[in-house]
Amino acid sequence: MTAQETTIYFDHASTTPCDQRVVDAMLPYFTSIYGNSSSRNHAYGWEAENGVDTARSQVADLLGAQPKEIIFTSGATESNNIAIKGAARMYAKAPAGSESRGHIITAVHEHKAVIDPCRRLEREGFDVTFLEPSADGIITAQMIKDALRDDTILVSIMWANNELGTINEIPCIGKICKEHGAVFHTDATQWVGKLRTDVEADNIDLLSLSAHKMYGPKGVGALYVRRRRPRVRLQAIQDGGGHERGFRSGTLNVSSIVGLGAACAIAKEEMEAEGKRLSALRDKLENELMSRLEVVEVNGHRDHRLPHMTNISFGFVEGESLMMGIKNIACSSGSACTSASLEPSYVLKALGVGDELAHSSLRLSLGRHTTEAEVDEAIEGIAAAVQHLRAMSPLFDLWKEGVDISKIEWQSH
Ligand SMILES: *Cc1c(COP(=O)(O)O)cnc(C)c1O
């Protein structure tokens with residue numbers, strides 16, 4: 001039996017299935033419209049270029065941007081690298097090899113695809129501030145205001161967090177960065193296609209997105225690069241044929257780009273209704289689990305978050321046993337596999353969630369094809385697994401008797 005037949009998919013924040021309409025739009029580009037979109041001398045090239053042009057408009061349309069401001073990439077990881085390294089190196093206050101090349105602001109609970117480029121820039125002589133979020137996972141405009149310095153050249157703050165779904169104060173942060181004259185980049189991979197984006201109104205200079213998080217194919221994404229008020233310049237990472245205005249050389253992945261465009265067009269039409277439907281299902285999932293079980297905590301802000309996901313911790317259960325108990329539900333846990341051991345999620349740690357609770361937390365993210373029957377089945381499955389594990393937990397018994405667990409002195413021999 002396939003995973004699809006046995007397992008409920010509640011891991012849409014990791015990746016989404018490709019929408020059938022996206023696949024249908026892509027198919028001709030493999031076998032009949034197969035030209036190189038840079039071939040200027042014949043109809044095969046023009047046809048492929050038309051497909052790319054349409055996709056560029058569709059992506060721009062979803063963002064409130066101009067088509068010329070869209071650069072196609074292999075995904076959000078690459079978009080983040082081009083944006084963050086490209087802007088830092090372009091606007092550096094001192095040449096490579098020097099110290100104090102400029103100040104960058106980001107946050108500790110960003111995706112690794114932002115953290116790691118920033119870490120590399122630190123080694124190149126840039127000074128990076130990693131902000132701590134509030135206890136409910138938010139980076140506020142005030143935090144940015146307080147962290148800005150005269151030599152701040154770049155601010156990179158994600159729109160919505162991939163583990164929590166929490167939403168940072170992006171429009172206000174954009175405004176503050178503009179007033180200060182710092183380039184503002186946002187990793188909007190989890191946001192775009194879920195809630196409305198307007199790069200003009202929200203003062204965004206650089207924005208990363210990925211097709212596979214919004215019902216498009218894997219391995220394709222885009223970077224929005226502001227061209228006016230102000231024109232943002234980037235030092236390219238990859239040298240070659242000068243494609244994509246020189247920001248990203250390499251033959252364009254035409255079929256995938258067409259898929260990304262189609263995914264954006266569908267999202268623009270459907271995201272509002274989809275968000276309403278999914279938030280109702282998400283709330284049902286959350287409320288049912290919280291009413292059936294004790295010691296359940298939602299991690300991150302309950303209001304300022306994406307409509308389709310929740311991150312929820314279950315006290316008095318062991319993380320790995322919980323995952324084993326809900327094998328028919330595909331979701332992410334609060335543990336990350338680093339080399340040989342399981343580490344608690346650094347995002348949950350940043351919120352002050354203890355290691356035990358982090359390990360026993362689940363990120364449940366619903367999607368376009370999620371049904372209410374699946375939500376009901378997940379509620380039953382998770383509640384049963386937690387109750388089963390707690391029935392075997394002496395600590396849970398003590399807690400129920402009113403013993404303050406944190407005050408127990410463990411005896412060692
Ligand atoms: C998934 C994700 C990425 C990485 O995107 P890819 O297209 O897989 O490289 C980056 N940032 C966030 C917030 C994500 O959720």
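Parameters and conventions
What you see as residue numbers is a count from 1 along each chain, following the sequence as written. Since the coordinates come from a predicted model, pLDDT governs what is reported: local features require at least 70, and pairs of side-chain atoms require 80 or more to be given and counted, while whole-chain, interface and lining totals use all residues. Neither water nor hydrogens contribute to the side-chain values; these are computed over all heavy atoms in the structure. For the purposes of this section, nonpolar cores are sets of buried Ala, Val, Leu, Ile, Met, Phe, Trp, Tyr and Cys residues that join through side-chain atoms within 4.5 Å. Note on classification: 1.4 Å probe, protein chains only; a residue is buried when its accessible area is under 20% of the maximum for its type, exposed when over 50%, partly exposed between these limits. These domain limits were set by an automatic method or by a database of domain assignments. The contact criterion used throughout is that any non-hydrogen atoms of two residues lie within 4.5 Å. Working definition: helices are DSSP H or I runs of at least four residues, strands are E runs of at least two. Numbering for both runs from the N terminus. Just to be clear on terms, a salt bridge is a Lys or Arg side-chain nitrogen sitting within 4 Å of an Asp or Glu carboxyl oxygen. We call two strands paired when DSSP finds no fewer than two bridges between them. Think of each axis as a best-fit line through the C-alpha atoms, taken over the contacting stretch in the case of a helix, with angles from 0 to 180 degrees between the N-to-C directions. Here a pair means two rings of Phe, Tyr or Trp (six-membered ring of Trp) with centres within 6.5 Å. Their orientation is stacked below 30 degrees between planes, edge-to-face above 60, and tilted elsewhere. Being near a molecule or strand, for a residue, means having at least one of its heavy atoms within 4 Å of it. Pairs of N or O atoms within 3.5 Å make up the polar contacts considered here, provided that, within protein, one atom can donate a hydrogen while the other can accept it, and that residues adjacent in sequence are counted only when both atoms are side-chain atoms. Note that accessible areas follow from Shrake-Rupley with a 1.4 Å probe, and for residues the cover is restricted to the protein chains shown. Buried area, as used here, totals the accessible surface that two parts lose on assembly, with accessibility defined by a 1.4 Å probe and the loss added over both.

Counting residues in each nonpolar core, the largest one holds 54 residues, and the members touching the most others are Leu-63, Phe-72, Ile-144, Val-155, Ile-173 and Leu-207. Here this core gathers at least three residues from each of two domains, domain 1 (4-12 + 271-396) and domain 2 (20-267). Apart from the residues lying within four places of it in its own chain, the contact partners of Ile-173 are Ile-139, Thr-140, Ala-141, Ile-144, Val-155, Ile-157 and Phe-184. One finds Ile-312, Ile-379, Ala-383 and Leu-389 within the second-largest nonpolar core, a separate group that totals 27 residues.

Comment: phi is negative for the bulk of residues other than glycine, and the bulk of peptide bonds are trans. Following Arg-229, the chain continues to Pro-230 via a peptide bond in cis, the omega torsion being -15°. Along the chain, the position of Pro-230 falls in the loop between strand 8 (221-225) and helix 9 (254-292). Unlike most non-glycine residues, Arg-229 shows phi in positive territory, near 50°. Structurally, Arg-229 can be placed in the loop between strand 8 and helix 9. Judged by its relative accessible area of 54%, Arg-229 is exposed. For Glu-244, which is not glycine, the phi torsion reads 50° and is therefore positive. As for its placement among the helices and strands, Glu-244 is situated in the loop between strand 8 and helix 9.

Further remarks concern the pattern of salt bridges. Using the criterion set out here, one finds 27 salt bridges in the structure. Among the salt bridges present, the one from Glu-286 reaches Arg-302, with a minimum N-O distance of 3.1 Å. Taken together, the residues Glu-286 in helix 9 and Arg-302 in the loop between strand 9 (296-298) and strand 10 (309-314) connect sequence positions 16 residues apart. Among the residues examined, Glu-286 registers a relative accessible area of 1% and is labelled buried. The class for Arg-302 is partly exposed, based on a relative accessible area of 37%. Three or more residues joined by partner-sharing salt bridges are found here, namely Asp-19, Arg-21, Glu-270, Glu-274 and Arg-368.

Before going further, it helps to spend a moment on the sheet that holds strand 5 (residues 152-156). With mixed pairing, the seven strands of this open sheet are ordered in space as 2-8-7-6-5-3-4. In this open sheet, the two edge strands, each paired with only one partner strand, are strand 2 (70-73) and strand 4 (127-131). Within the sheet, the average angular offset between the axes of one strand and its neighbour, ignoring direction, is 20°. Judged from the three bridges that link them, strand 5 and strand 6 (residues 183-187) form a sheet pairing that is parallel. Its bridge partner lying in strand 6, Val-155 is registered against Phe-184. Running at roughly 165° to strand 7 (residues 206-210), helix 5 (residues 76-90) makes contact with strand 2, strand 3 (103-107), strand 5, strand 6, strand 7 and strand 8 of the sheet. Each of strand 3, strand 4, strand 5 and strand 6 touches helix 6 (residues 112-123); the most contacted strand, strand 4, lies at about 150° to it.

Let us now look at the packing of aromatic side chains. In this structure the tally under the stated criterion is five aromatic pairs. When the centroid spacing of 5.4 Å and the interplanar angle of 35° are considered together, the rings of Tyr-34 and Tyr-44 count as tilted. Residue Tyr-34 is found in the loop between helix 3 (28-31) and helix 4 (43-63), and its partner Tyr-44 is found in helix 4; the two are separated by 10 residues along the sequence. Classification of Tyr-34 as partly exposed rests on a relative accessible area of 49%. Taken together, a centroid distance of 5.7 Å and an interplanar angle of 15° make the contact between Phe-396 and Trp-399 stacked.

Attention shifts here to the site of the ligand. Inspection of the region around the ligand gives Gly-75, Ala-76, Thr-77, His-111, Met-158, Asn-162, Asp-187, Thr-189, Gln-190, Ser-210, His-212 and Lys-213 as its neighbouring residues. Ser-210 is positioned such that a nitrogen or oxygen atom in its side chain is 2.6 Å from an oxygen atom of the ligand. Take His-212: an N or O atom from its side chain is 2.9 Å from an oxygen atom of the ligand. Relative to its free-state accessible area of 380 Å², the ligand is covered by the protein chains to the extent of 87%.

Further remarks concern the domain arrangement of the protein chain. Along its sequence, the protein chain is carved into domain 1 (4-12 + 271-396) and domain 2 (20-267). Placing a centre on the C-alpha atoms of domain 1 and another on those of domain 2 gives a separation of 29 Å. Across the boundary between the two partners, domain 1 contributes 22 residues, which contact 31 residues of domain 2. Three residues stand out in domain 1 for area buried against domain 2, namely Met-271, Tyr-346 and Arg-368, and they jointly supply 30% of the buried area on that side. At the boundary of domain 1 and domain 2, one finds zero salt bridges. Counting across the domain 1 and domain 2 interface gives 10 residue pairs in polar contact (both at pLDDT 80 or more). When contributions to the side of domain 1 that touches domain 2 are tallied by element, the ones reaching two or more residues are helix 9, strand 10 and helix 11 (346-350). For the side of domain 1 that touches domain 2, the element with the highest residue contribution is helix 11, accounting for four residues.

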